[in-house]
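# Overview (structure and organization)
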Amino acid sequence: ANGTAALAIAAVFGFILAVSAARSPWALWAALALELPFLAWQKPPVIRRVLGMSLFAAAVAELVVLPSLLLGQLQVLVILPCKTFLTVTAIRLLTEIFSWHELIAALRLFRVPRLLIFLLDTTLRSIVLLGDIAQEMLLALRLRSVGTNPQKLSSVGGILGVLFLKSRKMSEEMEQAMRCRGW
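Residues numbered from 1 in each chain as written. Predicted model: local features only at pLDDT ≥ 70, side-chain atom pairs only at ≥ 80, totals over all residues. Heavy atoms only, no water.

Moving on to the nonpolar core. Counting 22 residues, the largest nonpolar core has Ile9, Phe15, Val19, Leu28, Leu86, Leu94 and Phe98 as the members making the most contacts within it. Within the residue set of this core, elements represented by two or more residues are α1 (2-21), α2 (25-40), α4 (74-97) and α5 (100-109). Looking at this core, the element that brings in the most residues is α1, giving seven residues. Setting aside its immediate chain neighbours within four residues, Leu94 contacts Ala8, Ile9, Val12 and Leu103. (Core = buried A, V, L, I, M, F, W, Y, C linked by side-chain atoms within 4.5 Å. Buried < 20%, exposed > 50% of the residue type's maximum accessible area, 1.4 Å probe, protein only. Helix = DSSP H or I, 4+ residues; strand = E, 2+ residues; numbered from the N terminus. Contact = heavy atoms within 4.5 Å.)

See below:
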């Protein structure tokens, strides 16, 4: 399984390099033709998640390059969002097909330093934990709210403050644990 994940990581990395270097719309069409069979083999909920994230990223890229319309750079207005869509789709498919543990194990096959893998793994676990905490707090806020609340921004500010304090506490605990282990 690690060899398959390593091969998939290498293929996605090469795909992203090829899409980034592409200058022609035809090359992007070819890249899309390579990506579509992998997307078509997925279950409908996975396809929805992958396409939702990819379309959102492409829309953000479109907003970023919108001022190029004023400069007459129409090709940039089309090419950059397409490249963004293709690369985000490739990465999302990779993360949907393989578990996080398989991808981490595959990075070891590429001789990525253990410290870098540890930092990446720890960072992503912390982000997931904070996301879970934020989701639980928003659910609690929604369950307590009855009717319309014109002061919703103050509630969100309180949630962000609690998340900041939780993240600070988590980072201090991580620092203490690393000191105890001799880091």
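Next, the rest of the story.
Inspection of the entire model under this criterion finds one aromatic pair. Judged by centre distance (5.8 Å) and plane angle (85 degrees), the ring pair of Phe38 and Trp41 falls under edge-to-face. Residue classification places Trp41 among the exposed residues on the basis of a relative accessible area of 66%. (Phe/Tyr/Trp six-rings, centres within 6.5 Å; stacked < 30°, edge-to-face > 60°.)

Evaluation of the coordinates by the stated rule reveals five salt bridges. The partner of Arg92 in a salt bridge is Glu96, and the shortest N-O contact between them spans 3.0 Å. Of this pair, Arg92 and Glu96 are both found in helix α4, four residues apart, which corresponds to roughly one turn of the helix. Across the salt bridge formed by Asp121 and Arg125, the nearest N and O atoms sit 3.1 Å from each other. Linking Asp121 with Arg125, this pair stays in helix α6 (residues 114-144), spanning four residues, or about one helical turn. Exposure remark for Arg125: the relative accessible area of 45% places this residue in the partly exposed category. (Salt bridge = Lys/Arg side-chain N within 4 Å of Asp/Glu carboxyl O.)

Turning to the packing of α5 against α6, a few remarks are in order. Put simply, α5 and α6 touch, their axes get as near as 10 Å, and they point 165 degrees apart. Taken together, the axis directions place α5 and α6 in an arrangement best described as roughly antiparallel. Crossing of α5 against α6: the hand is right-handed. Contacts from Trp100, His101, Ile104, Leu107 and Arg108 of α5 reach α6 at Arg114, Ile117, Leu120, Asp121, Leu124 and Arg125. (Axes fitted to C-alpha atoms, helices over the stretch in contact; angles between N-to-C directions. Parallel < 35°, antiparallel > 145°, perpendicular 65-115°, else oblique. Left-handed = near helix turned anticlockwise from the far one by under 90°.)

A cluster of nonpolar side chains, contributed by Leu115, Phe118, Leu119, Met174 and Trp183, occupies part of the molecular surface with about 470 Å² of accessible area. When residues of the nonpolar patch are assigned to their parent elements, the largest contribution, three residues, is made by α6. Among the secondary structure elements, Leu115 is positioned in helix α6. (Patch = residues over 30% accessible without salt bridge, like charges linked within 9 Å, V, L, I, M, F, W, Y side chains within 5 Å. Areas by Shrake-Rupley, 256 points an atom, 1.4 Å probe, with all protein chains shown as cover.)

Assignment of secondary structure puts Gln42 in the loop between α2 and α3 (44-65). Sequence-wise, Gln42 and Leu93 are 51 residues apart; in three dimensions their C-alpha atoms are separated by 8.8 Å. What Gln42 contacts, discounting residues up to four positions off in sequence, is Ile47, Leu93 and Ile97. Polar contacts involving the side chain of Gln42 include one to the main-chain carbonyl oxygen of Phe38, which spans 3.2 Å. (Polar contact = N/O pair within 3.5 Å; in protein donor to acceptor, adjacent residues only side chain to side chain.)

To continue, consider the packing of α3 against α4. At a closest axis distance of 8 Å, the pairing of α3 and α4 adopts a crossing angle of 150 degrees. In this view, α3 runs roughly antiparallel relative to α4, as classed from their interaxial angle. Crossing handedness for the pair α3 and α4: right-handed. Between α3, through Val46, Arg49, Val50, Leu51, Met53, Ser54, Leu55, Ala57, Ala58, Ala61, Glu62 and Val65, and α4, the contact on the second element is made entirely by Val76, Leu77, Leu80, Pro81, Thr84, Phe85, Val88, Thr89, Arg92, Leu93 and Glu96.

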